[in-house]
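Spelled out from the first residue to the last, the chains are:
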Amino acid sequence: MSGQSLIALCRALPLCRVRCDCVSSYADLDVALPVLRREPPFALLTIGMFCLTGDEQSVLDLASALSVHSALEHLIISEVPLTNSVDALVDAAISAGIKKVGIDKCGLSQTALPALGRLLQSPGFELLGVWNDDVSADHPSLFEGPALPTFFEALRNSTSLKTLKLEDFYLWKDMAVATQLFAVLEVLPALQELSTAGNYTDGTPAVQQAAGECLARLIARSTSLQVLKLSGNELGENGLAPIFGALRNNSSLVELKLWSEHISADFARDVVLPAVRANTCLRKFGGLLVVKSRDAEVAEDPSLQEASWQLAGSKQGCRLKVP
Amino acid sequence: METVAASPDALTVADEAVGFSSLPDEVAKKFFSGLSLDTRLRSREVSPAWCALLEDASLWTHVDLSASCRVNPRFLHAFYALAMLRAACVRAKTSLQSVDFSGVHCVGGD
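Because the structure is predicted, anything quoted here is derived from the model rather than measured. (Residues numbered from 1 in each chain as written. Chains lettered and ligands numbered in written order. Predicted model: local features only at pLDDT ≥ 70, side-chain atom pairs only at ≥ 80, totals over all residues. Heavy atoms only, no water.)

Q: How should I be thinking about the packing of aromatic side chains in this particular structure?
A: Aromatic ring pairs: the centre-centre distance and the angle between the two ring planes describe each pair. Residue and element names in this part refer to chain B. Summed over the entire model, instances satisfying the criterion amount to 12 aromatic pairs over all chains. With a centroid separation of 5.3 Å and an interplanar angle of 70°, the aromatic rings of Phe 20 and Phe 31 are classed as edge-to-face. Of this pair, Phe 20 sits in the loop between helix 1 (8–18) and helix 2 (25–33) while Phe 31 is found in helix 2, placing the two residues 11 residues apart along the sequence. Here the aromatic rings of Phe 79 and Tyr 80 are separated by 5.4 Å at their centres, their planes lie at 80°, and the arrangement is edge-to-face. On the basis of relative accessible area, Phe 79 is assigned to the exposed category, the value being 67%. Residue class for Tyr 80 comes out partly exposed when judged on its relative accessible area of 39%. Arg 40 extends its terminal NZ or CZ atom over the ring of Trp 60, reaching a point 5.2 Å from the ring centre. For the cation-ring pair, Arg 91 lies above Trp 60, with the distance from its terminal atom to the ring centre recorded as 6.0 Å. (Phe/Tyr/Trp six-rings, centres within 6.5 Å; stacked < 30°, edge-to-face > 60°. Helix = DSSP H or I, 4+ residues; strand = E, 2+ residues; numbered from the N terminus. Buried < 20%, exposed > 50% of the residue type's maximum accessible area, 1.4 Å probe, protein only. Lys NZ or Arg CZ within 6 Å of the ring centre and 35° of its normal.)

Printed below as a string of structure tokens:
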């Protein structure tokens, strides 16, 4: 709810513990700040998720308020250019004990890496989401520069990170960096969910295959990963083949999310179906479309239908008998 | 153990057999306290006896509209959520202790 509605609710219930989410723009941040500072009548208020859109000054004001707030669980900063405020924001979030942080369309670059590293090392930190919305592969990358090794070290040392969302910033354009990143992710003991949605490959078979092999190693080696979201990666059959190969022996992944990955009927029958038959824990996957003919007629393939039935059977705790 | 099919007639038989109406009020309230907020409000329409039991303030001290609250999702919009909160406040009188609105979706800026 908006800051105004939240204030009305708290004023109506001054002696009641209230927990809710709040969305604030810079226009009503001055209204929301007393809430964040937990001034009366907001002393018993817990904010599950607080989402701020605005300008950089509003982020600095928020950081100032956060330093005295101790009951905010999930902070999202959206569409604010965090050129000079990312350090203040992150340090305030750490001092407030916030365990989940999302940074949405803020155009983070390599200068943000030291701050993100500190966030990952804060005690009990659980969720980091970065949606960069880079408009082209020429945009300055987040994962480059002299601070990168220190960031990877901080990530490697995180024992509490459960969810990592790295979306929309051409992760696969530097395969050496992507390989380093995934080598770190493989050994994270608590990582349960990873999303690399919106990181398009350039569509070339070599890049698709290399990206698929990175993801396959993660699937094969991580014992904690349960959800993998790969929407909008354009992995193609070259990238999907190693992923489904790794799925055969995986015993932790419950959900694999793809989006509009076009595959042939032969690939569905020879690669997807055997992997789903052999896998014993996957409960949900989708996003594969079968291109049946040269004029790109898209339809559900019987092999994929059978794969869906296999998964439906596994949800019921049984496996279908396949001749 | 013999089971009873869930037809209206059978429910009547089951009600007589189990004797819900003969349960002590405190046990019946314990049962009601496990229901979601929307179900609890609807249950008041079942009978005058249930309605009387459900007017007890102790059943309305915690308003749970979190993401895991089991309230029908179509009621997790601000308009309905505030209506349910208002209904709970009326019955809780001065004993309302907590409100969890974290599962409530806002439409049009709430």
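Q: Looking at this structure, how should I read the packing of helix 8 (residues 205–221) of chain A against helix 9 (residues 236–247) of chain A?
A: Any two packed helices are characterised by how steeply their axes cross, that is the angle between the axes, and by the distance between the axes. All names here are of chain A. Between helix 8 and helix 9, whose axes approach to 7 Å, the crossing angle comes to 15°. Classified by the angle their axes make, helix 8 and helix 9 are roughly parallel. Crossing geometry of helix 8 relative to helix 9 is assigned as right-handed. Across the interface between the two elements, Pro 205, Gln 208, Gln 209, Gly 212, Glu 213, Leu 215, Ala 216, Ile 219 and Ala 220 of helix 8 pack against Gly 236, Asn 238, Gly 239, Pro 242, Ile 243, Ala 246 and Leu 247 of helix 9. Taken together, the residues that form the contact of helix 8 with helix 9 break down as nine nonpolar, six polar and one charged. (Axes fitted to C-alpha atoms, helices over the stretch in contact; angles between N-to-C directions. Parallel < 35°, antiparallel > 145°, perpendicular 65-115°, else oblique. Left-handed = near helix turned anticlockwise from the far one by under 90°. Contact = heavy atoms within 4.5 Å. Nonpolar A, V, L, I, M, F, W, Y, C, P; charged D, E, K, R; others polar.)

Q: Teacher, can you tell me more about the pattern of salt bridges here?
A: Oppositely charged side chains may form a pair once their charged atoms are brought near each other. Counting across every chain of the model gives 15 salt bridges over all chains. A salt bridge links Arg 221 of chain A to Glu 186 of chain A, with the shortest nitrogen-to-oxygen separation between them at 3.0 Å. Here Arg 221 of chain A is found in helix 8, whereas its partner Glu 186 of chain A is found in the loop between helix 7 (175–185) and strand 7 (193–195), with 35 residues between them in sequence. Linking Arg 42 of chain B and Asp 38 of chain B is a salt bridge whose minimum nitrogen-to-oxygen distance equals 3.9 Å. Note that Arg 42 of chain B and Asp 38 of chain B are positioned in helix 3 (residues 37–43) at a spacing of four residues, about one turn of the helix. (Salt bridge = Lys/Arg side-chain N within 4 Å of Asp/Glu carboxyl O.)

Q: Can you walk me through the confidence of the model for chain B in this structure?
A: In low-pLDDT regions, the fine details of the predicted coordinates are not to be read closely. Looking at chain B as a whole, the pLDDT averages 83, with 79% of positions reaching at least 70. Ignoring residues within four places in sequence, the model shows residues 1–5 of chain B, a span with pLDDT below 50, making two contacts including any to other chains. (pLDDT = per-residue confidence, 0-100.)

Q: What is the right way to read the nonpolar core from this model?
A: Nonpolar side chains tend toward joint burial in soluble globular proteins. Judged by nonpolar contacts, the single largest core of 128 residues is most densely connected at Phe 50, Phe 143 and Leu 256 of chain A. With residues up to four places along the chain from it excluded, the contact list for Phe 50 of chain A reads Cys 22, Ser 24, Leu 29, Ala 32, Leu 36, Leu 62, Leu 72, His 74, Leu 75 and Ile 76 of chain A. (Core = buried A, V, L, I, M, F, W, Y, C linked by side-chain atoms within 4.5 Å.)

Q: Help me understand the interface of chain A and chain B in this model?
A: Interface size is commonly expressed as the accessible area that is lost once the parts come together. Listed by partner, the interface residues are 11 residues for chain A and 13 residues for chain B. Between chain A and chain B lies a buried interface of about 990 Å² when both sides are counted; carbon and sulfur atoms form 56% of it. The three residues of chain A that bury the most area against chain B are Met 1, Arg 17 and Arg 19 of chain A, which together make up 47% of that side's buried surface. Put simply, chain A and chain B have one salt bridge between them. For Asp 100 of chain B, the salt bridge is made with Arg 19 of chain A, and the minimal N-O distance between the two is 3.6 Å. Across the chain A-chain B interface, the total number found is five residue pairs in polar contact (both at pLDDT 80 or more). It is strand 1 (residues 17–25) of chain A that provides the largest number of residues to the side of chain A that touches chain B, a total of five residues. Residues of the side of chain A that touches chain B, tallied by class, amount to six nonpolar, two polar and three charged. The pairing of strand 1 of chain A with strand 2 (residues 98–100) of chain B spans three bridges and is parallel. Its bridge partner lying in strand 2 of chain B, Val 18 of chain A is registered against Val 99 of chain B. (Buried area = accessible area lost by both parts, 1.4 Å probe. Polar contact = N/O pair within 3.5 Å; in protein donor to acceptor, adjacent residues only side chain to side chain. Pairing = 2+ DSSP bridges.)

Q: Looking at this structure, I do not really get helix 5 (residues 113–121) of chain A. What am I missing?
A: Two residues of an α-helix separated by three or four positions point the same way, owing to the 3.6 residues in each turn. Looking at helix 5 of chain A, one finds that the buried residues are Leu 113, Ala 115, Leu 116, Gly 117, Leu 119 and Leu 120 of chain A. Buried positions along helix 5 of chain A lie against helix 4 (86–95), strand 4 (100–104), strand 5 (127–131) and helix 6 (148–156) of chain A.

Q: Help me understand the layout of surface pockets, please; the structure alone is not making it clear to me.
A: Here the idea is plain: a probe the size of a water molecule rolls over the atoms and shows the empty space left. In this structure, the second largest pocket occupies an estimated 230 Å³ of space. What lines the second largest pocket is a set of 13 residues, and nearest its centre among them are Leu 9 and Ala 12 of chain A together with Leu 82, Leu 85 and Arg 86 of chain B. Elements that contribute at least two residues to the lining of the second largest pocket include exactly helix 1 (3–12) of chain A together with helix 5 (78–92) of chain B. Looking at the lining of the second largest pocket element by element, the count peaks at five residues for helix 5 of chain B. Split by residue class, the lining of the second largest pocket holds 10 nonpolar, one polar and two charged. (1 Å grid on protein atoms, 1.4 Å probe; cavity = no way out; pocket = protein on both sides within 12 Å on 5 of 7 lines; lining within 4 Å. Points joined across faces, edges and corners; volume = space filled by probe spheres on them.)

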